[in-house]
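Understanding the architecture of this molecule
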Amino acid sequence: MIKIADLSKSFGSRILFDNLNLNINAKERVGLVGRNGHGKTTLFKIILGEAEYDSGSISIPKNYKIGYLQQHISFTKPAAIEEACLALPSAERDETWKAEKILSGLGFSSSDMLKNPLEFSGGYKIRINLAKVLLSDADMLMLDEPNNYLDIVAIRWLTGFLRSWKGELMLITHDRSFMDSVVTHCAAIHRTKARKTEGNTQKLYEQIEKEEEIYEKTRLNVEKKRKQTEIFIRRFRAKARLAGMVQSRIKCLEKQDDMQELTAIEDLDFSFSSLTFNAAKMMGVHNLEFGYTKDNILIDKLSFDVLKKDRICVIGKNGKGKSTLLKILSDRLSTIHGGIKKHPDLKISYFVQSDAANLTPNKTVFEEIINADNKCLPQRARNIAGNMMFSGDDALKKIEVLSGGEKSRVLLGKILVTPCHLLLLDEPTNHLDMESCEGLIDAINEFEGSVILVTHNEELLHNIADKLIVFDREKVSVFDGTYQEFLDARGWEDESGEIKNKSGRKDKILSREEIKKQRAQLIQEKSKVLKPLEEKISKTEKEISEKETLLSANTEKLIQASENLDIAFLAEGPKIDKQLRSELENLYEALANLTEEFENKTEHFKIKMMEIDG
């Protein structure tokens, strides 16, 4: 329903988009991915008419309504429910149950809905704006990092809502699992262009990787042939009987377009510094109790141990005490009752977004990083700055000119330069792109110490957690197991029991035993369908490898024939070359078709599995 054609946009000498083309078709839910700074949010603003572009065109149907999550706060009603109802079509303003359903899903209690919206925290004010977008009867939703304002339960609710959305959707998020569970298509802003494919992020990234691998192989092959041709021309230019062949090669060279080498895309390079820890236990928490007032106890009788190489994730709704727990463990808050016994040699590094306010405005990025550890040498500080994408003169930028995301990277740089035994990380992914989140996962898994992490990102939870501290059901408890084991064994309070449908009636939910049975049947069916395809793909790839070896050998023979003036093979060799290339083309096409069929069937089974999991 939206067509973007030949869109170009530059900021000074920096090209953001260069003849970018992208279509969003009817009923498509498109995840927009790309590195930070590559233009995802700018593209949103251009579509909304909030930013200019240099050339190209954007076609949007007449009377097409786009719902966009606003960061600007402007409330006029005395109650959150009334404010949310303003977004309903005028004929539906009295149907408050629709607003109640959305607000409830986003984490508002019945009493919250009657509060003045201006009384809420910044995150909950944005949730009210999000509720208004979801209620607005829009043709298309455009959501830019909605996860940043939601807790894990609200994110899971939003996932279900968006999966059932009947209109179009464009979504930006750093949470890969959230995106993959919602979208029908993915589009990447990559090297100033847009690439779009049906399916999830993995399929898109694999496609881009495959395209660039083919491009680079082709470029090297073309470069090699160019050099061979130039040698042939120099060697035989003076020989009259080969003048026709020489002139033919000269013309071919003139017609060839130069293929530029692909530049490396800068990536965040995480590598936490760990100190050797010889004891088995780093910390013990015993009957911990904390509350800001006697009537508001957030943590009650919490006990757990932090052992060597532990990966503990703290999860639950916002405002229940997750970040407070990390402040207590880092000695920034004192407990009411209970105790924390730390190993006397324990060194802790603590990351929290709010510490950006403590950065010194007139200091440079380099100065902030080198001052984080008195043993840090200038070159190491420079390397860490480079790893955080402040290379060269960017390391000399003053803190006062940095964006929120850049300040967050400075904080991470300070953590990276400081050796420790235990990492306390409070929502470290909020200003990271999807690729950087994956780099963070790898770095945490490689860290030799222990990690306690507060996050709503289920991708991190599935890849990191081996123990959970769970704020749910109005209490805090410890779950000894992975996040998937937690979902299977307990799940979230708001997702258990019966669920009301639109009419208010209750729908039956499958038992865990029934779900497991259906999952097993689907896995068996998937294996029957995909295994033969995998075997065909493997066979075709082997044939391609063999043909490529033959083609390479034939090319070498042609070069030798040119050097040795083997006229007979110079006549026969090109025929063999042509035949091998033709066979390879057929094999490439067959492989592409098989791969596409395999991916489509894989996506089909993934969707079926998500339907079973609800």
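Not measured: the values here are computed from a predicted model.

When its secondary structure is counted, the chain shows 17 helices and 20 strands. Taking the principal axes of the C-alpha coordinates as reference, the chain spans close to 100 × 65 × 55 Å. Out of the 614 residues belonging to the chain, those deemed buried represent 44%. Across the chain, the fraction of contacts at a sequence separation of at least 24, relative to all contacts at a separation of at least 6, is 68%. If you sum the accessible surface of the chain, you get close to 31900 Å²; carbon and sulfur atoms cover 48% of it. Between the averaged position of the 92 positive side-chain charges in the chain and that of its 97 negative side-chain charges there is a distance of 1 Å.

The next subject is the packing of helix H3 (residues 96-105) against helix H5 (residues 152-163). Interhelical geometry of H3 versus H5 gives an angle of 130° and a closest axis separation of 8 Å. Accordingly, the angle class assigned to the pair H3 and H5 is oblique. Contacts between H3 and H5 involve Lys 101, Ile 102 and Gly 105 from the former and Ala 154, Trp 157 and Phe 161 from the latter. Partitioning the contact of H3 with H5 into residue classes produces four nonpolar, one polar and one charged.

Here we take up helix H9 (residues 322-329). For H9, the buried fraction is high: six of the eight residues fall into the buried class. Taken together, the buried positions of H9 are Lys 322, Thr 324, Leu 325, Leu 326, Ile 328 and Leu 329. Immediately beyond the C-terminal end of H9, within one or two residues, lies Asp 331, with a positive phi of roughly 70°.

Two modes of strand pairing occur in sheets, parallel and antiparallel, and in both the strands are linked by backbone hydrogen bonds. Taken in spatial order, the three strands line up as E11-E10-E13 in an open sheet, and their pairing is antiparallel. Only two strands of the sheet have a single partner each, and these edge strands are strand E11 (296-307) and strand E13 (337-342). Strand-to-strand twist across the sheet, computed as the mean angle between neighbouring axes with direction ignored, equals 15°. Sheet analysis places strand E10 (residues 281-293) next to E11, joined by eight bridges and oriented antiparallel. When the bridges of E11 are listed, Gly 291 appears paired with Ile 297.

So, about the confidence of the model for the chain. Averaged over the chain, the pLDDT score is 87; the fraction of residues at 70 or greater is 94%. The least confident element of the chain, judged by mean pLDDT, is strand E19 (residues 499-500) at 36; the most confident is strand E16 (residues 450-454) at 96. Here residues 496-509 is a poorly scored stretch, pLDDT under 50, and it has 15 contacts once near neighbours within four places are set aside; other chains count.

Structurally, the position occupied by Leu 591 is in helix H17 (residues 567-613). Among the residues examined, Leu 591 registers a relative accessible area of 16% and is labelled buried. Along the backbone, Leu 591 and Lys 539 are 52 residues apart, and their C-alpha atoms lie at a distance of 9.5 Å. Leu 591 has contacts with Ile 537, Thr 540, Glu 541 and Ile 544, leaving out every residue within four places of it along the chain.

Moving on to the pattern of salt bridges. Oppositely charged side chains are able to pair whenever their charged atoms sit close together. A full pass over the atoms with the stated rule returns 28 salt bridges. Between Glu 83 and Lys 132 there is a salt bridge whose closest N-O contact spans 2.7 Å. Taken as a pair, Glu 83 in helix H2 (residues 80-85) and Lys 132 in helix H4 (residues 122-134) lie far apart in primary sequence, 49 residues in all. With respect to class, Glu 83 is no different from Lys 132; both count as buried.

What follows is about the pairing of strand E8 (residues 185-190). Counted residue by residue, E8 has six buried out of six residues, so it is predominantly covered. As judged from the four bridges shared by strand E3 (residues 29-33) and E8, these two strands associate in the parallel manner. Residue pairing for E8: Val 30 is matched across the bridge by His 185. Strand direction decides the pairing type here: E8 and strand E9 (residues 193-198), joined by six bridges, are antiparallel. Opposite His 190, over in E9, you have Lys 193 as the bridge partner.

Conventions used here
- Residues numbered from 1 in each chain as written.
- Predicted model: local features only at pLDDT ≥ 70, side-chain atom pairs only at ≥ 80, totals over all residues.
- Heavy atoms only, no water.
- Helix = DSSP H or I, 4+ residues; strand = E, 2+ residues; numbered from the N terminus.
- Buried < 20%, exposed > 50% of the residue type's maximum accessible area, 1.4 Å probe, protein only.
- Contact = heavy atoms within 4.5 Å.
- Areas by Shrake-Rupley, 256 points an atom, 1.4 Å probe, with all protein chains shown as cover.
- Lys, Arg positive; Asp, Glu negative; His and termini not counted.
- Charge placed at Lys NZ, Arg CZ, Asp CG, Glu CD.
- Axes fitted to C-alpha atoms, helices over the stretch in contact; angles between N-to-C directions.
- Parallel < 35°, antiparallel > 145°, perpendicular 65-115°, else oblique.
- Nonpolar A, V, L, I, M, F, W, Y, C, P; charged D, E, K, R; others polar.
- Pairing = 2+ DSSP bridges.
- pLDDT = per-residue confidence, 0-100.
- Salt bridge = Lys/Arg side-chain N within 4 Å of Asp/Glu carboxyl O.

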